[in-house]
Amino acid sequence: MSDINTEFSEGILRVELNRPDKKNAMTSAMYTRLAEILAEADRDDAVRIVLWHGAGGSFTAGNDIQDFLSNPPAAGGSPQGLLTDAFIAFSKPIVAAVNGVAVGGGTTMLTHCDFVYAAENTRFQIPFINLALVPEFGSSFSIPARVGHLRAAELFLLGEPFTAQHAVELGLVTRVVPDADLLTTATATARKLAAKPRGALRASKRLIKHASLGPVREAAGIEGQEFAQRVRGAEAQEAFSAFLEKRPPNFNQTPARVAAE
Ligand code: COA
């Protein structure tokens, strides 16, 4: 078994994040593999739709925090950056089915999907601020563009969990469905899409993404530089240690000079 499973049937490539004991937290290797899967799927004419979900009752708890310490992303060419590029370039519909935890990248990566079905039990959260980090995947542009500045500030600067119902009200989710119906609902949409004329489907996706492509790419570049600095900083190191030691972080111990940088 791999950390990402794929299965192809009737034009639909099912992609499953598969680290259930870690709530499908994403390692560098998983970002790189997911970017490869998307690039291959884009080239393969047989693949019409990607259906994306997580194993074991969770979508993903975002970046693996131990991996932030072992493989902190650099400003250019990081696995996270490669995946962002792959999402931006991907020309076919992505249908996401999310449940359990959709935290960090588990929320922000969804901005690159075209349909997002969330089980009632889904816990969303963009907790970068609590880890002394900043937004990624172009979400510093795409989320304020969708929800407005005030609601984006609440999500990014407070970093608190929110419900699937709130996610739908914000426009981050297509529809909330009963937990038991999640994959059936997402699969039904993937099947409908797979029956559409493929050329027009790709052209339509390209057109509806056109206006946001440049700003998302630009935001991702700026985010990458800020992120690379923050992830190596004293505040973030304290946040990561606290998570791994299962204790609250103490940012008051961070020297003021470092905190202000
Ligand atoms: N990185 C590394 N390990 C993670 C993880 C992450 N992002 N998220 C969860 N895990 C691990 C936990 O450490 C735990 O491992 P253990 O069993 O070896 O102790 C296991 O996954 C199960 O998680 P747990 O915290 O027990 O589940 P929960 O249902 O109580 O809480 C979360 C789930 C997602 C709310 C909580 O794990 C969490 O806040 N994780 C961090 C999420 C985060 O900040 N991600 C953003 C990174 S940018």
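Residues numbered from 1 in each chain as written. Predicted model: local features only at pLDDT ≥ 70, side-chain atom pairs only at ≥ 80, totals over all residues. Heavy atoms only, no water.

> Can you break down the overall build of the protein chain residue by residue, with the values?
Along its length, the protein chain carries 11 helices and 9 strands. Radius of gyration (C-alpha) of the protein chain: 18 Å, near the 18 Å computed for a compact globule of 261 residues. Relative to its 261 residues, the protein chain shows a buried fraction of 51%. For the protein chain, the share of sequence-separated contacts (at least 6 apart) that also reach a separation of at least 24 residues comes to 72%. (Helix = DSSP H or I, 4+ residues; strand = E, 2+ residues; numbered from the N terminus. Rg over C-alpha atoms; globule rule 2.2 N^0.38 Å. Buried < 20%, exposed > 50% of the residue type's maximum accessible area, 1.4 Å probe, protein only. Contact = heavy atoms within 4.5 Å.)

> If you had to explain the pairing of strand S3 (residues 49-54) to someone new, which residues and values would you point to?
The buried count for S3 comes to 6 of 6 residues, which makes it a mostly enclosed element. In this structure, strand S2 (residues 12-17) lies alongside S3, joined through 6 bridges in parallel fashion. By the bridge assignment, Leu13 is partnered in S3 with Val50. For S3 and strand S4 (residues 94-98), the ladder comprises 4 bridges, and the chain directions are parallel. When the sheet's bridge partners are listed, Leu51 is paired in S4 with Val95. (Pairing = 2+ DSSP bridges.)

> Help me get a handle on the sheet that holds strand S9 (residues 175-177), residues and values and all.
The strands that make up a sheet pair up through hydrogen bonds in the backbone, lying either parallel or antiparallel. What the 6 strands build is an open sheet, ordered S1-S2-S3-S4-S6-S9; its pairing is mixed. Two strands close off the open sheet at either side, each with one partner strand: strand S1 (4-9) and S9. Taken pair by pair, the neighbouring strands of this sheet meet at an average axis angle of 20°, ignoring direction. Looking at chain direction, S1 and S2 are connected through 6 bridges and run antiparallel. Along S2, the bridge assignment pairs Glu7 with Arg14. (Axes fitted to C-alpha atoms, helices over the stretch in contact; angles between N-to-C directions.)

> Any chance you could break down helix H3 (residues 79-89) for me, citing the residues and the numbers?
Buried residues of H3: Gln80, Leu83, Thr84, Ala86, Phe87 and Ile88, and no others. Those residues of H3 that are buried lie in contact with helix H1 (28-43), S3, helix H2 (65-70), S4 and helix H9 (198-231).

> Summarise the site of the ligand; cite the residues concerned and give the values.
Taken together, 17 residues lie near the ligand, and Lys22, Ala61, Asn63, Ile65 and Lys246 sit nearest. Ala61 is positioned such that a nitrogen or oxygen atom in its backbone is 2.8 Å from a nitrogen atom of the ligand. In isolation the ligand offers 850 Å² of accessible surface; the protein chains occlude 69% of this area. Those elements that provide at least two residues to the shell around the ligand are H2 and strand S5 (101-103). (Near = heavy atom within 4 Å. Polar contact = N/O pair within 3.5 Å; in protein donor to acceptor, adjacent residues only side chain to side chain. Areas by Shrake-Rupley, 256 points an atom, 1.4 Å probe, with all protein chains shown as cover.)

> With reference to specific residues and values, describe the nonpolar core.
Judged by nonpolar contacts, the single largest core of 55 residues is most densely connected at Val50, Trp52, Leu83, Phe124 and Leu133. With 7 residues, H1 is the largest single contributor of residues to this core. Ranked by size, the runner-up nonpolar core spans 14 residues in total, among them Ile49, Tyr117, Leu193 and Ala194. (Core = buried A, V, L, I, M, F, W, Y, C linked by side-chain atoms within 4.5 Å.)

> Describe a nonpolar patch on the surface, with residues and values.
On the surface, a cluster of nonpolar side chains totalling about 260 Å² of accessible area is made up of Leu69, Phe243 and Leu244. Structurally, Phe243 is set in helix H10 (residues 234-244). (Patch = residues over 30% accessible without salt bridge, like charges linked within 9 Å, V, L, I, M, F, W, Y side chains within 5 Å. Salt bridge = Lys/Arg side-chain N within 4 Å of Asp/Glu carboxyl O.)

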